[in-house]
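Listed below are the residues making up each chain.
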Amino acid sequence: MGAYYTYLVSGLPELGFDMNLDGFSYEELSAQIMELLSEGDAKTVRFFLAFLEHREVVRRYMGASDEDARREYVASHPEMPDYQRRFWASSLSMMVNGEEDLAVELQGEELEAFLKNILDREFYVAARKSRNAFVRKWYDFDLVLRNTLVAFAARLQGRAPQEEFVYPGEEPELITWIKENFKQEDFGLKLRLSYAEDLFSALSLSDVYERERRVDRFRWNMAEEMVRGEDFDLNAVLAYFVKAGILQRWKNLDKERGLTLLRDTVAQMRRVRFE
């Protein structure tokens, strides 16, 4: 049986999706929580949050001058998840070309996006093997949501999304289903997913900014639903991190900058895919 964190959870500020974010600090909350977790649970939380750090990890990797610099960086981060250790142990040529000592043609943002997708893929593989139920459930949901949004963005732009879906391993049945039902408003997902009605209610909004807000509200509600009745265990802490991360994202954005971010996100979804 996992640890219970009655004192920790009851002492955390209550979060609301539409709360006033003046004075809200994700970093301070994170530090407060991590200090009070057991060593094993802290490791689970660090793994859970590692997905959000992939772009920064890639930039650090690209900034490492050689194999010795990469090895030194790994040695200085003993808490690094195993899938990231494997990433740092691989040469750039091997990851991009599948062979050593070949010129890497990708550069800049394209190379960054390519490497990030390698990390994303490896993370999803590792998350499926997690001993924590919330980690497995959340990232199964996240992968479905991510691919649904890929299909939705492609349809808005009049493109076929076949080369843009993201997943580890062989093509999942759900991706095949979306392809076969691409012309349907909901990709046929209301027949497959209990939460599809809520998701497509959010996606039906024409205003890009408000649609993104509603999608994040949907994610927020899913996190709460997954831990209903688990008020003081580690799963509740993980769900709290999901909600705090959503709030921090919107604190960092005003409407104008938010729209710029969304345009960049759509452009990136068009460029990248798992190889």
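Right above here is the structure, for reference.
Note that the structure is predicted; figures quoted are calculated from it, not measured.

K.L.:
I would appreciate a short explanation of the overall build of the protein chain in the present structure.
P.N.:
From N to C terminus, the protein chain includes 14 helices and zero strands. Of the regular secondary structure in the protein chain, the N- to C-terminal order runs α-α-α-α-α-α-α-α-α-α-α-α-α-α. The C-alpha atoms of the protein chain give 20 Å as radius of gyration, which agrees with the globular expectation for 275 residues (19 Å, within 12%). Dimensions of the protein chain, computed from C-alpha atoms along their principal axes, come out at roughly 55 × 50 × 40 Å. Excluding contacts between residues fewer than 6 apart, the proportion of contacts in the protein chain whose partners are at least 24 apart in sequence is 66%. For the protein chain, the computed accessible surface area is about 15300 Å², with 48% contributed by carbon and sulfur atoms. Across the protein chain, 38 positive and 50 negative side-chain charges occur, with their mean positions spaced 3 Å apart.

K.L.:
Can you walk me through the packing of helix α6 (residues 82-89) against helix α8 (residues 108-128) in this structure?
P.N.:
Packed helix pairs are characterised by how far apart their axes lie and by the angle those axes make with each other. In contact at an axis separation of 9 Å, α6 and α8 are set at 145 degrees when each is read in the N-to-C sense. Considering only the axes of α6 and α8, their crossing is right-handed. Residue-level contacts link Tyr83, Gln84, Arg86 and Phe87 of α6 to Leu115, Ile118, Leu119, Glu122 and Phe123 of α8. For the contact of α6 with α8, the class distribution of residues is six nonpolar, one polar and two charged.

K.L.:
Please clarify how empty space enclosed by the protein should be interpreted in this entry.
P.N.:
To find leftover empty space, one rolls a probe the size of a water molecule over the atoms. What the rule picks out here adds up to one cavity of 30 Å³ or more. By volume, the largest cavity is sized at about 40 Å³. Together, Tyr124, Ala127, Arg128, Arg136, Tyr139, Asp140 and Leu143 line the largest cavity. Looking at the lining of the largest cavity, the elements with two or more residues in it are α8 and α9 (133-156). Sort the elements by how many residues they give to the lining of the largest cavity and α9 lands first, with four residues. Here the residues of the lining of the largest cavity sort into four nonpolar, no polar and three charged.

The rules we used
- Residues numbered from 1 in each chain as written.
- Predicted model: local features only at pLDDT ≥ 70, side-chain atom pairs only at ≥ 80, totals over all residues.
- Heavy atoms only, no water.
- Helix = DSSP H or I, 4+ residues; strand = E, 2+ residues; numbered from the N terminus.
- Rg over C-alpha atoms; globule rule 2.2 N^0.38 Å.
- Contact = heavy atoms within 4.5 Å.
- Areas by Shrake-Rupley, 256 points an atom, 1.4 Å probe, with all protein chains shown as cover.
- Lys, Arg positive; Asp, Glu negative; His and termini not counted.
- Charge placed at Lys NZ, Arg CZ, Asp CG, Glu CD.
- Axes fitted to C-alpha atoms, helices over the stretch in contact; angles between N-to-C directions.
- Left-handed = near helix turned anticlockwise from the far one by under 90°.
- Nonpolar A, V, L, I, M, F, W, Y, C, P; charged D, E, K, R; others polar.
- 1 Å grid on protein atoms, 1.4 Å probe; cavity = no way out; pocket = protein on both sides within 12 Å on 5 of 7 lines; lining within 4 Å.
- Points joined across faces, edges and corners; volume = space filled by probe spheres on them.

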